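Structural overview for review
Letter by letter, the chains look like this.
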Amino acid sequence: MKQYNYKEIEEKWQKIWEREKTFEVKEDPSKKKFYCLEMFPYPSGMIHMGHVRNYSIGDVIARFKRMKGYNVLHPIGWDALGLPAENAAIKHGLHPEKWTIDNINRMREQLKRLGFSYAWEREINTSSPEYYKWNQWFFIKMFEKGLAYRKNSWVNWCPTCKTVLANEQVISGKCWRCDSEVTQREMEQWFLKITEYAEELLEGHKELKKWPEHVIQMQKNWIGKSEGTIVKFPVVNSSEVLEVFTTRIDTIFGATFLVLSPEHPLSKKLIEDLPNKEELFDWIDKTIKEMRLRRGEELEKEGIFTGKKVLNPFSRKEIPVWIANYVLFEYGTGAIMAVPAHDQRDFEFAKKYNLPIRVVIKPKDKDLESDSLSEAFEEYGILVNSGEFNGLESKKAINLMNEWAERQNIGKRAILYRLRDWGISRQRYWGTPIPIVYCKKCGIVPVPYEQLPVLLPKDVKFTGEEGSPLEKVESFVNTKCPKCNGPARRETDTMDTFFDSSWYNYRYTSPKENTRPLNPEAVKYWMPVDIYIGGVEHAILHLIYARFFSKVIRDMNLTNINEPFPHLLAQGMVTKDGAAMSKSKGNVVYPEEFIEKYGADTLRLFILFAAPPEKDLEWSDKGAEGCFRFLTRVWRLVHECLDLFNQNIGYNEKELSKEALEVLKKTHQTIKKVSEDIEKRYHFNTAISAIMELYNKVSQYKEKLKEDSKGKAILKESIEAIIILLSPFAPHICEELWQITNHKEYLINTKWPEYKPHLIKEEEVTYIVQINGKLRAKLQAPVGLSEKEIRERILSIPSVQNHLKGKSIKKLIYIPNKLVNIVT
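Remember, it's a predicted structure, so these values are computed and weren't measured experimentally. (Residues numbered from 1 in each chain as written. Predicted model: local features only at pLDDT ≥ 70, side-chain atom pairs only at ≥ 80, totals over all residues. Heavy atoms only, no water.)

Some points on the overall build of the protein
- Looking only at helices and strands, the protein features 25 helices and 34 strands.
- Expressed as a percentage of its 824 residues, the buried residues of the protein come to 57%.
- Expressed as a percentage of contacts within the protein between residues at least 6 apart in sequence, the contacts between residues at least 24 apart total 72%.
- If you sum the accessible surface of the protein, you get close to 37000 Å²; carbon and sulfur atoms cover 48% of it.
- A gap of 3 Å separates the mean positions of the 124 positive and 114 negative side-chain charges of the protein. (Helix = DSSP H or I, 4+ residues; strand = E, 2+ residues; numbered from the N terminus. Buried < 20%, exposed > 50% of the residue type's maximum accessible area, 1.4 Å probe, protein only. Contact = heavy atoms within 4.5 Å. Areas by Shrake-Rupley, 256 points an atom, 1.4 Å probe, with all protein chains shown as cover. Lys, Arg positive; Asp, Glu negative; His and termini not counted. Charge placed at Lys NZ, Arg CZ, Asp CG, Glu CD.)

Okay, structure coming up:
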């Protein structure tokens, strides 16, 4: 028998698939399409086990769908622009382009070595001018529509990366990429008006029925829709009016002070006439810095009194104005009415600074006293101490109080969002140049479409000094105005690289299109993506931006797609030593050594067998040997039965032996189980386990089945099923086994097997369930379950649970397939 030589087999089939362009596809209206996409990698240098898991999941689904008769698009490319390439240029003296291309070439070979079924002719590279030309095209279109604009604003600055970060890229006050403390700077920046689509981004979640609920919730929290009221509070003895946003106008009679964010434009103005204003100014500056640095953290509440008061427009009482660090300027109006009896943060602040607390909402069943409150009562209830609104239930009061405020012109209903416009300016070289020129005569002028792409210059020095390297390239900066032909200078900021990845899924549908970013007919056939696979860490950044882009592209009349990814499979991380794999942590495991020792098929099988896709996987190669042994045993089984595949043998189910029928039923049960685990549940670990069980059953009866022709036919059918069912997980060995068992067509082009419904029904038996000798229930269960399994099923029956309530089981008498008597 020929030995299982995985190196030879894997190399052979990878060459065949490449030579015959097995996985290249084109639009075919006669076939149902399936677009399978994994989030494309950043070319950091090497594929690691986190990548292997992500792409193995996608490959199983893509191969399965192809064998189910779908026209499958399964592309790959490179998210190739970004800071690491520039840092490498500074560190090693390499140009970012060379570093990137070298890495792509290395990683491409790694992916091919794993046998993934990619349509390599559609490969894209976002650092190529052929791609980023269309980034610039989209930017200009957005500029023309007013969706791209420039303004002076405070921005997040990473001192290590020496560039601006979007709000979404600041995590607990630190840079998402390098973990450095983020500071704040005031700069001119380009923004995309994602807030124009805030409501549609929220409404779109209704279409995303195949997204994990926690991912949708993360997006909802980030967008942060609040329905409430903007109320005007006039400053006493002043013409100034402070506007506050509240979602609970029903509590306004309980507002005993008003609080401004330190960043509010009136914060310093209100304390200008105080004798210690310099000291207070210093406090404001220090507090603003701390709030920005520790964004998202719970700070100890601190504040200062401005010496000013405002008039509560409902109660007509004067209340003091404070400035405090627990009010954010970017949310609402940057000012709040503080209702300490009914908001916990206000309660804590009021207690600390001895401010009055006034109860205006009470539960239906009891009264509340301000003096006895140990915490704020934040729920809806009945209004008290609220003038003409006393006795109303909160929700009704909100509606009536809104109407009153609008009649009196002291307030209006409003919807606000936490989401802020997307700042895309980056002060680095290795990104898409923003296609704008600045002319003293004409102002801000977009580069004409026919002059795109604006190319990144090659003759750039990378020093690591602050500011964009592009600023120092005079041949790039100095240009002519497209309008007046006078002297002008180019924008030297480049785009946030999340711009590149926000529409790449569209580009895959027509990657060679050179007159427009996408071919609408190709998009119409392939989009939306049928399953999108990637890490949950992209829930806020990439997935919100990509959804925003889809809506913008739709509104450009290029497509009719609202949601690009109706089905998201958020796979867990591969961790090592309790942390996500990363170069900086020194815990990255690369696949080369594993493949050398066991082969690509074993690695794919092992990484999918170790845990369900949505769970984190702590890397350990224990168990790899077991997966390798399983493939070796399958190899041996097929070779031991090769003679069957030279025979034309059939069978009649009614004439099968007990053993043959048992194997046949197990085969069809496994076909059903594996098909549903791949297609419906994505439980690849249990699918692999089911294939292993089938192998064990076939091996158990192999010699017995060889005794007659009908048994041989069942043995042949079951072995073919094992090969086909295993092929999405371990494609190389399965293609080889398919070929040596006299099949002329490649396995990947073979139809996935269908199970026969009558063969998957398990023989059942009825158990009589007694408790202390009295009949309490009956249980229908498959024949052959263990005593433990029967016990678990019986104890889950509601009537049995009721009779056992408060009792302990002394003994359980078990008669297989007949009776269970529980003695208490």
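A word on the nonpolar core
- Met49, Ile61, Trp619 and Phe729 are the most contacted members of the largest nonpolar core, which has 99 residues in total.
- At 11 residues, the largest contribution of residues to this core is made by helix α20 (residues 684-705).
- If near-sequence neighbours (up to four positions away) are discounted, Trp619 is found in contact with Met49, Val574, Thr575, Lys576, Met581, Val589, Phe594, Leu603, Phe606 and Ile607.
- Core analysis: the second largest hydrophobic core is formed by 91 residues, Met39, Trp222, Val445 and Tyr506 among them. (Core = buried A, V, L, I, M, F, W, Y, C linked by side-chain atoms within 4.5 Å.)

What to know about the packing of helix α17 (residues 600-609) against α20
- As a packed pair, α17 and α20 sit with axes 7 Å apart at the nearest point and diverge in direction by 115°. For the pair formed by α17 and α20, the contact residues are Leu605, Leu608 and Phe609 on the first element and Phe684, Asn685, Ile688, Ser689 and Met692 on the second. (Axes fitted to C-alpha atoms, helices over the stretch in contact; angles between N-to-C directions.)

Things to note about the sheet that holds strand β14 (residues 318-324)
- Here we have four strands laid out as an open sheet, ordered β13-β14-β12-β15, and mixed in their pairing. Edge positions in the open sheet fall to β13 (303-311) and β15 (335-338), since each of these has one partner strand only. Each strand axis lies, on average, 30° off the axis of its neighbour in the sheet, ignoring direction.
- As defined by bridge partners, β13 adjoins β14 across six bridges and the pair is classed as antiparallel. Along β14, the bridge assignment pairs Val310 with Ile319. (Pairing = 2+ DSSP bridges.)

Some thoughts on the pattern of salt bridges
- Throughout the structure, instances matching the rule amount to 50 salt bridges.
- Between Lys21 and Glu121 there is a salt bridge; the shortest N-O distance is 3.0 Å. Of this pair, Lys21 sits in the loop between α1 (6-19) and β1 (33-38) while Glu121 sits in the loop between α4 (96-113) and β4 (124-125), placing them 100 residues apart in sequence.
- Among the charged side chains, a network of salt bridges with common partners joins Lys672, Lys673, Glu676, Asp677 and Arg681. (Salt bridge = Lys/Arg side-chain N within 4 Å of Asp/Glu carboxyl O.)

As for the sheet that holds strand β28 (residues 574-576)
- Strand order in the open sheet formed by three strands is β29-β28-β30, and the pairing between neighbours is mixed. Lying at the two open borders of the sheet, with one neighbouring strand each, are β29 (579-580) and β30 (617-618).
- In terms of strand pairing, β28 meets β29 through two bridges, oriented antiparallel. Note that in β29 the partner of Thr575 across the bridge is Ala580.

Quick notes on unusual backbone geometry
- Residue Leu452 is joined to Pro453 through a cis peptide bond whose omega torsion reads 5°.
- Here Pro453 is to be found in the loop between β22 (443-446) and α12 (474-477).
- The residue after Met527, namely Pro528, is reached through a cis peptide bond having omega 0°.
- With respect to the element layout, Pro528 can be found in the loop between α14 (520-526) and β26 (531-535).
- We note that Tyr682 has phi near 55°; this positive angle belongs to a residue other than glycine.
- As for its placement among the helices and strands, Tyr682 is situated in the loop between α19 (658-681) and α20.
- One non-glycine residue with positive phi stands out, namely Asn742, at about 70°.
- Along the polypeptide, Asn742 turns up in the loop between α22 (731-740) and α23 (757-760).
- Since its relative accessible area comes to 40%, Asn742 is described here as partly exposed.

Some points on the packing of α19 against helix α21 (residues 709-726)
- For the pair α19 and α21, the least separation of the axes is 9 Å and the interaxial angle reads 20°. As judged from the angle between their axes, α19 and α21 are roughly parallel. Along this stretch, α19 crosses α21, giving a crossing that reads as left-handed. Between α19, through Ala660, Val663, Leu664, Thr667, His668, Thr670, Ile671 and Val674, and α21, the contact on the second element is made entirely by Gly711, Ile714, Glu717, Ser718, Ala721 and Leu725.
- Of the residues that constitute the contact of α19 with α21, the class distribution is eight nonpolar, five polar and one charged. (Parallel < 35°, antiparallel > 145°, perpendicular 65-115°, else oblique. Left-handed = near helix turned anticlockwise from the far one by under 90°. Nonpolar A, V, L, I, M, F, W, Y, C, P; charged D, E, K, R; others polar.)

Quick notes on α17
- Within α17, nine of the 10 residues are buried, which leaves it mostly tucked inside the rest of the structure.
- Restricting attention to buried positions, one finds in α17 the residues Ala600, Asp601, Thr602, Leu603, Arg604, Leu605, Phe606, Ile607 and Leu608.

Re the side chain of His48
- Tracing the backbone shows His48 in the loop between β1 and α2 (49-67).
- At 2.9 Å, the side chain of His48 and the backbone nitrogen of Gly50 are in polar contact.
- Each residue touching His48, except ones within four places of it in the same chain, is listed here: Met581, Val588, Val589, Tyr590 and Pro591. (Polar contact = N/O pair within 3.5 Å; in protein donor to acceptor, adjacent residues only side chain to side chain.)

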